[in-house]
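Structural overview
This is what each chain is made of:
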Amino acid sequence: MNVLREKMWSPYVAGALAGLLLVLSVLVTGKFFGASTTFVRAANYVEQAVAPEKVAGMEYFIKEKAKIDWQFLFVVGVLFGALASAWLSKEKKAVAVPPMWEGRFGASRVRRGVAAFLGGVVLMFGARLADG
Amino acid sequence: MREGTAMNELLTGAITGILFGFLMQKAQVIRYDRQLAALRFKDMTIVKFMLTTTLVAMVGIYLLFDLGLVKLSVKPLILGGNVLGGLIFGIGWGIVGYCPATAMGALGEGRYDSVFGLLGMILGAGIYAEAYPLMKATVLTWGDFGKITLPGVLGINHWIVIVILVAVFIALFRWFEKKGL
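Described in the following lines is the structure provided in the data block. Bear in mind the structure is a predicted one, so any value in this text is a computation, not a measurement.

A surface patch of positive charge is lined by R5, K7, K90 and K93 of chain A. Mapping K93 of chain A onto the fold places it in the loop between α6 (70–88) and α7 (99–105).

On to the interface of chain B and chain A, then. Opposite the 92 residues of chain B that make contact, chain A presents 85 residues. A buried area of about 7,400 Å², summed over both sides, lies between chain B and chain A, and 74% of it is on carbon and sulfur atoms. Scanning the region where chain B abuts chain A turns up six salt bridges. Seen at the junction of chain B and chain A, the total is 26 residue pairs in polar contact (both at pLDDT 80 or more). Elements supplying a minimum of two residues to the side of chain B that touches chain A: α1 (3–26), α2 (32–39), α3 (45–66), α4 (79–96), α5 (100–109), α6 (114–137) and α8 (158–179) of chain B. If you tally residues by element for the side of chain B that touches chain A, the top one is α6 of chain B, at 20 residues.

Bringing the pattern of salt bridges into the picture now. Here the structure, examined in full by the defined rule, presents 13 salt bridges over all chains. Of the charged contacts in the structure, one is a salt bridge between E59 of chain A and K136 of chain B, with a shortest N-O distance of 2.6 Å. In this pair, E59 of chain A is assigned in helix α5 (residues 59–63) and K136 of chain B in helix α6, connecting two distinct chains. Using a relative accessible area of 33% as the deciding quantity, one classes E59 of chain A as partly exposed. For K136 of chain B, a relative accessible area of 39% translates into the label partly exposed. As a salt-bridge pair, E177 of chain B and K48 of chain B come within 3.0 Å of each other at their nearest N and O atoms. Highlighted residues: E177 of chain B in helix α8 and K48 of chain B in helix α3, separated in sequence by 129 residues. Overlapping salt bridges, with partners in common, bring together E91 of chain A together with R31, E109 and R111 of chain B in one network.

Quick look at the packing of α3 of chain B against α8 of chain B now. Two measures define how a pair of helices packs: the angle their axes make with one another and the distance between the axes. All names here are of chain B. Closest axis-to-axis distance for the α3/α8 pair is 11 Å, and the angle between their directions is 160°. Compared by their axis directions, α3 and α8 come out roughly antiparallel. With respect to the hand of their crossing, α3 and α8 are arranged in left-handed fashion. Here V47, K48, L51, T52, T54, L55, M58, V59, Y62, L63, F65 and D66 of α3 lie close against α8, whose contacting residues are H158, W159, I162, L165, V166, F169, L172, F173, F176 and E177. Its residues assigned to classes, the contact of α3 with α8 shows 16 nonpolar, three polar and three charged.

Conventions used here
In this convention, every chain numbers its residues from 1, walking through the sequence in written order. A letter from A marks each chain and a number from 1 marks each ligand, given out in the order of writing. In keeping with the model being predicted, local features are shown solely for residues with a pLDDT of at least 70 and side-chain atom pairs are shown and tallied solely at 80 or more, while totals for entire chains, interfaces and linings include all residues. As a rule here, side-chain values come from all non-hydrogen atoms in the structure, and water together with hydrogens is ignored. A patch is a set of surface residues, each over 30% in relative accessible area and not in a salt bridge, joined within 9 Å for like charges and within 5 Å for the nonpolar side chains Val, Leu, Ile, Met, Phe, Trp and Tyr. Note on areas: Shrake-Rupley with a 1.4 Å probe; residue coverage comes only from the protein chains shown. Salt bridges, as used here, are contacts in which a Lys or Arg side-chain nitrogen is within 4 Å of a carboxyl oxygen on Asp or Glu. Note on charges: Lys and Arg go in the positive column, Asp and Glu in the negative column, and His and the chain ends are not counted at all. One atom stands in for each charge, and that atom is NZ of Lys, CZ of Arg, CG of Asp or CD of Glu. A run of H or I in DSSP counts as a helix once it spans at least four residues, and a run of E counts as a strand once it spans at least two, with each numbered from the N terminus. In what follows, residue pairs with any heavy atoms lying within 4.5 Å of each other are defined as contacts. Here the quantity called buried area is the total loss of accessible area, with a 1.4 Å probe, experienced by two parts when brought into contact, counted for both. Pairs of N or O atoms are called polar contacts if they sit within 3.5 Å, as long as, within protein, a hydrogen donor faces a hydrogen acceptor (for residues adjacent in sequence, only side-chain-to-side-chain pairs). For every residue, the accessible area obtained with a 1.4 Å probe (protein chains only) is divided by the maximum for its type, and the residue is called buried under 20%, exposed over 50%, and partly exposed between those limits. Axes, fitted as lines to C-alpha atoms, cover a helix only where it is in contact. Angles between the N-to-C directions of the axes lie from 0 to 180 degrees. The labels follow the angle: roughly parallel below 35 degrees, roughly antiparallel above 145, roughly perpendicular from 65 to 115, and oblique for the rest. With the far helix as reference, a near helix turned anticlockwise by less than a right angle produces a left-handed crossing, and one turned clockwise produces a right-handed crossing. Under the convention adopted here, Pro, Cys and the residues Ala, Val, Leu, Ile, Met, Phe, Trp and Tyr are nonpolar, Asp, Glu, Lys and Arg are charged, and Gly plus all remaining residues are polar.

Encoded structure:
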């Protein structure tokens, strides 16, 4: 299966296959692709461990109930699918600072880590506000 | 829900995620450099991937919908939430360089700066949960049009909208290729 070892597929081909996967998913299980609700559930689980009585009364956590569901496994699956693909094409390597970031902001792992963390906070707040 | 159904749901979720992650890695769309290059109009790989996925899924799902085999999942149009949320999302995305699913994929590839992005996303979701009662009383009441669709608002058959969008996407793809994006 040499095609599985190729470093890059045309984004049109990979995108079309992803589209077919989505159609099949909706047909077989009725599930559309999404990821961000899983982060709400993850936050819920973390907060439950720290302050369970506070979490129990929070409207948003009641609305998006904490559960390990289809989407939770979908999000975890993405990690393993990417791992398998990168491993097959021998591209699995540890990268702490993306090359384009390094070219502009330098090789500091701390600076990149802090920015990625803060960017993640802002991104997810916006994603949830837009309900996406 | 019966236990067997719940197990099947977890299994199909995992399989679908694995296949989707595989395809995203092969298209090289789970990289900071690709995502930022798209935001900087230098390399449209991720846009080609997203729009092709949308194109195929749009045609396929509406075909099945016409055959009565699937249900649509229409999200409400709330201008306050969609516009403000979109702007905030864009600022964060430009900094972290991964969206939620691609951050998981990036971690699978070994790009472990995404771990900090993922932790930030969990915190961001927690902060939103705190802010939700306030948002619900303010931003999420601004311009609430409910669950509407383009064909519904225009009062035309959905295939007219689909054909127009397919033509627009293909014109965009040809332009990307001509410009070497």
